[in-house]
Amino acid sequence: MSKEIKILATSSFGAKIEGEAWERGLDWGPDVIVAQGTTSDGGPNYLGTDTPYAGARDVKKGLAGIILSAKKKGIPFILSSGSPGGSNVE
């Protein structure tokens, strides 16, 4: 018999990891939080100009929100990292 696993996902660390929608997702009782740090599709400009899709402050804030949410709920988080053209994100 298989067990249902509830996943709370976001497409990017730079996404807004707060507010009513995020809290509603947490209230559904996820078993894990996942995020794609590479964005869904930043387009060619970011690759060609070596600029990050999201600013460092937004990435750090989003990552902190994910980690704190997972810690609060006592659940794991799984993240990929990177950004198109974002080698200069500090």
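The following paragraphs examine the structure supplied in this document. Not measured: the values here are computed from a predicted model.

## A word on the pattern of salt bridges
A pair can form between side chains of opposite charge whenever their charged atoms are brought close.
Part 1 of the reasoning: Tallied over the entire structure, the rule returns one salt bridge.
Part 2 of the reasoning: Taking the shortest distance from any N to any O, the salt bridge between Arg 24 and Glu 20 comes out at 2.7 Å. With Arg 24 and Glu 20 both in helix H1 (residues 19-27) and four residues apart, the pair spans about one turn of that helix.
Part 3 of the reasoning: For Arg 24, a relative accessible area of 44% gives the class partly exposed.

## Describing H1
Residues separated by three or four positions in an α-helix point in the same direction, a consequence of the helix having 3.6 residues per turn.
Part 1 of the reasoning: Within H1, the full set of buried residues consists of Trp 22, Gly 25 and Leu 26. Axial view of H1: buried residues confined to an arc of 100°, hence all on one face. Those residues of H1 that are exposed and angled more than 90 degrees off the buried face are Glu 20, Ala 21 and Asp 27.
Part 2 of the reasoning: Buried residues in H1 make contact with strand S1 (7-10), strand S2 (32-36) and helix H3 (56-73).
Part 3 of the reasoning: Two residues or fewer past H1, Gly 29 is found with a positive phi of approximately 75°.

What counts, and at which threshold
Residues numbered from 1 in each chain as written. Predicted model: local features only at pLDDT ≥ 70, side-chain atom pairs only at ≥ 80, totals over all residues. Heavy atoms only, no water. Salt bridge = Lys/Arg side-chain N within 4 Å of Asp/Glu carboxyl O. Helix = DSSP H or I, 4+ residues; strand = E, 2+ residues; numbered from the N terminus. Buried < 20%, exposed > 50% of the residue type's maximum accessible area, 1.4 Å probe, protein only. Arc of directions from axis to C-beta. Contact = heavy atoms within 4.5 Å.

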